[in-house]
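Structure at a glance
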Amino acid sequence: MRSFNEYLNRYLEDLKQKQLYRNMEVLKSGCHRIVHIGKRSFINFCSNNYLGLNGHSDIRKAMIESIAKWGTSSGASRLISGDLELFEIAEKKLAKFKGLEASLIFPSGYQANVSIISSLVGEGDIVFSDELNHASIIDGCRLSKARIIIYKHRDFFDLKKKLESEIGKRRLIVTDSVFSMDGDIANIKELVDIAERYDCALLIDDAHATGILGKNGSGSLEHYGIKGRDVMVLATGGKALGVSGAFFCSSDIVRKYLINRCRGFIYSTGAIPAIPAGLMASIEVVKKEGWRRERLKSLYTYFWRGLKDLGLSTSEEPSHILPLILGDSEKAIRVSKKLYEKGIYARAIRPPTVPENSSRIRFCITAEHNYEDIEIVLQILKKNLDYILN
Ligand SMILES: *Cc1c(COP(=O)(O)O)cnc(C)c1O
């Protein structure tokens, strides 16, 4: 182990040199608007708990009751003896919520993307993937052994050019709907038409759209008024829904195929029963408490306008994910530290999570925030404007 460890150590030292070393911050409280770190408390701007549903009484009750009735474990892979009826009930409801025929629950979104993409396509097939897609999509593409064609970010002219020249057995287009590090949205309506015209399958990752987009918060399909089209959508439970896990929605035939082919489903213990129970309860809250989406929207619009007024580099459109693009990793860390000193918890995001020279602070706004929280951040940024802009 000695030379092995020496290698690891050199690798870590190198990361430190490049300002790319990562460590975890221990929270002494749950992940809410205010978090406790050490002896101090901070306003938290980096959780994906966009609607503030983490700990919601309805969800908590459903999850606790599911443990009492079904236990703390599903006991086995769902193909062996872990297919609790609770999963089947939840999957019907979750599919309906997304407006698709069927769904399948996974313990995590990462696991879902990696194992679903790698079972849908293989050698001789082609995946067309947006250049800013989430790491779990990238890993799924790599594992599949399909040819990976990257198209320019949200650039469907580029995509179409590539669809015309790259012919394969099976073809799949895959994209985030709301992009996780920039908060911008792919035009899913146009993409559904393109997929149909070119006879391609389409997989949309709705991780940051579920609970947020659409009148009922069901995500990007509802947002663009897409109904009755044959598409696949991945939703995650750990973000706006305030739970954990993921559900993949599709036609019934794709679901059946995955049950037979998807190794991440077949060779993995079913999610804990509290996940389907929590997801079902959460989508009811999402539908019922539309005020959370409205409040979120006015908060992030206020924040976005404030960033723009300061002349800072952020997204073109307001959204619940607001990047403050700083470029240099060291600068991103410095600004993050300045915020931290003043009681704001907003971490620097650096390569390889984002492209080179696009290090940033990624502010996540939630319905739990208030205008004063945002004003505090804007004032800190204003005081450091010279440093940030030069
Ligand atoms: C967070 C995220 C995932 C992974 O979901 P987990 O349930 O956290 O593993 C997948 N895709 C996107 C776009 C994400 O942001």
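To be clear, the structure that these remarks concern was listed above.
Residues numbered from 1 in each chain as written. Predicted model: local features only at pLDDT ≥ 70, side-chain atom pairs only at ≥ 80, totals over all residues. Heavy atoms only, no water.

Considerations on the layout of surface pockets
- Here the largest pocket defines a volume of roughly 1100 Å³.
- As for the largest pocket, its lining consists of 31 residues, and the residues nearest its centre are Asn23, Arg347, Ala348, Ile349 and Arg350.
- A total of five residues in the lining of the largest pocket trace back to one element, the largest contributor, which is helix α13 (residues 329–341).
- When residues are assigned to domains, the lining of the largest pocket turns out to be shared by domain 1 (19–51 + 290–389) and domain 2 (57–288), each giving three or more.
- One number sums up the size of the second largest pocket: a volume of about 490 Å³.
- Along the walls of the second largest pocket sit 22 residues, with Ile185, Leu213, His223, Lys297 and Tyr300 positioned nearest its centre.
- Class assignment for the residues of the lining of the second largest pocket results in eight nonpolar, six polar and eight charged.
- Counting the residues that make up the lining of the second largest pocket, at least three belong to each of domain 1 (19–51 + 290–389) and domain 2 (57–288). (1 Å grid on protein atoms, 1.4 Å probe; cavity = no way out; pocket = protein on both sides within 12 Å on 5 of 7 lines; lining within 4 Å. Points joined across faces, edges and corners; volume = space filled by probe spheres on them. Helix = DSSP H or I, 4+ residues; strand = E, 2+ residues; numbered from the N terminus. Domains from an automatic or database assignment. Nonpolar A, V, L, I, M, F, W, Y, C, P; charged D, E, K, R; others polar.)

Quick notes on the pairing of strand β10 (residues 321–327)
- Among the seven residues in β10, six count as buried, and that is most of the element.
- In the sheet, β10 pairs with strand β13 (residues 359–364) via six bridges, with the strands oriented antiparallel. Following the sheet pairing, Gly327 is matched in β13 by Ser359. (Buried < 20%, exposed > 50% of the residue type's maximum accessible area, 1.4 Å probe, protein only. Pairing = 2+ DSSP bridges.)

A few points about the packing of aromatic side chains
- Using the criterion set out here, one finds nine aromatic pairs in the structure.
- Consider the rings of Phe106 and Phe265, whose centres lie 5.8 Å apart with planes at 65°: the pair is edge-to-face. Separated by 159 residues along the polypeptide, Phe106 in strand β3 (residues 102–106) and Phe265 in helix α10 (residues 263–266) bring together distant segments of the chain.
- For Phe106, a relative accessible area of 0% puts it in the buried group.
- Between the NZ or CZ atom of Lys338 and the centre of the ring of Tyr387, over which it lies, the distance is 5.9 Å. (Phe/Tyr/Trp six-rings, centres within 6.5 Å; stacked < 30°, edge-to-face > 60°. Lys NZ or Arg CZ within 6 Å of the ring centre and 35° of its normal.)

So, the site of the ligand
- Close to the ligand lie 13 residues, the nearest being Gly109, Tyr110, Asp205, His208 and Lys239.
- The separation between an oxygen atom of the ligand and a polar side-chain atom of Lys239 is 2.6 Å.
- Sort the elements by how many residues they give to the shell around the ligand and helix α4 (residues 109–120) lands first, with three residues.
- A breakdown of the residues in the shell around the ligand according to their chemical character gives two nonpolar, eight polar and three charged. (Near = heavy atom within 4 Å. Polar contact = N/O pair within 3.5 Å; in protein donor to acceptor, adjacent residues only side chain to side chain.)

Re the sheet that holds strand β6 (residues 171–176)
- Here seven strands make up an open sheet; going across it, the order is β3-β9-β8-β7-β6-β4-β5 and the pairing mixed. The open sheet has two edge strands with one neighbour each: β3 and β5 (147–151). Mean inter-strand twist for the sheet, computed between neighbouring axes without regard to direction, equals 20°.
- One ladder, built from three bridges, connects strand β7 (residues 201–205) with strand β8 (residues 232–236); its direction is parallel. From the neighbouring strand, Asp205 faces β8, where its bridge partner is Leu234.
- Strands in contact with helix α3 (residues 85–98) are β3, β8 and β9 (246–250); relative to β3, the strand with the most contacts, it is inclined by about 120°.
- Contacts between α4 and the sheet are confined to β3, β6, β7, β8 and β9, with β8 contributing the most and set at about 160° to the helix. (Axes fitted to C-alpha atoms, helices over the stretch in contact; angles between N-to-C directions. Contact = heavy atoms within 4.5 Å.)

Quick look at helix α6 (residues 156–165)
- For α6, every residue scored as buried is listed here: Phe156, Asp158, Leu159 and Leu163. Each buried residue of α6 sits inside an arc of 150° when the element is viewed along its axis, so together they form one side. More than 90 degrees from the buried face of α6, the exposed residues found are Phe157 and Glu164.
- Buried-residue contacts for α6 involve β4 (126–130), β5, β6 and α7 (188–197).
- Regarding α6, its N-cap is Asp155, as a side-chain oxygen of that residue lies 3.1 Å from the backbone nitrogen of Phe157 further along. (Arc of directions from axis to C-beta.)

Regarding the pairing of β3
- Buried residues dominate β3, accounting for five of its five residues.
- Burial along β3 is two-sided: Ala102, Leu104 and Phe106 and Ser103 and Ile105, pointing in opposite directions, are all buried.
- In this structure, β3 lies alongside β9, joined through five bridges in antiparallel fashion. In the strand pairing of β9, Ala102 is matched with Ser250.

So, empty space enclosed by the protein
- Taken as a whole and assessed by the stated rule, the structure comprises one cavity of 30 Å³ or more.
- In this structure, the largest cavity encloses a volume near 50 Å³.
- Contributing to the lining of the largest cavity are Arg78, Ile105, Pro107, Gln111, Gly264, Phe265, Ser268, Thr269, Gly270 and Ala271.
- Of the residues belonging to the lining of the largest cavity, the class tally is four nonpolar, five polar and one charged.

Some thoughts on the sheet that holds β10
- Strand order across the open sheet formed by three strands is β10-β13-β12, with antiparallel pairing between neighbours. Pairing within the sheet leaves two strands with one partner each, and these edge strands are β10 and β12 (348–349).
- Of the strand pairs in this sheet, β12 and β13 are connected by two bridges, and their pairing is antiparallel. Counted as the bridge partner of Ile349 is Arg360 from β13.
- Its contacts with the sheet put α13 on β10, β12 and β13, and the angle it makes with β13 is roughly 35°.

Description of the side chain of Ser177
- One can find Ser177 in the loop between β6 and α7.
- Overall, Ser177 belongs to the buried group, its relative accessible area being 0%.
- Among the polar contacts made by the side chain of Ser177, one reaches the side chain of Asp206 at a distance of 2.5 Å.
- Among all residues touching Ser177, those that are not within four sequence positions of it are Asp184, Ile185, Ala186, Ile188, Ile204, Asp205, Asp206, Ala209 and Ser220.

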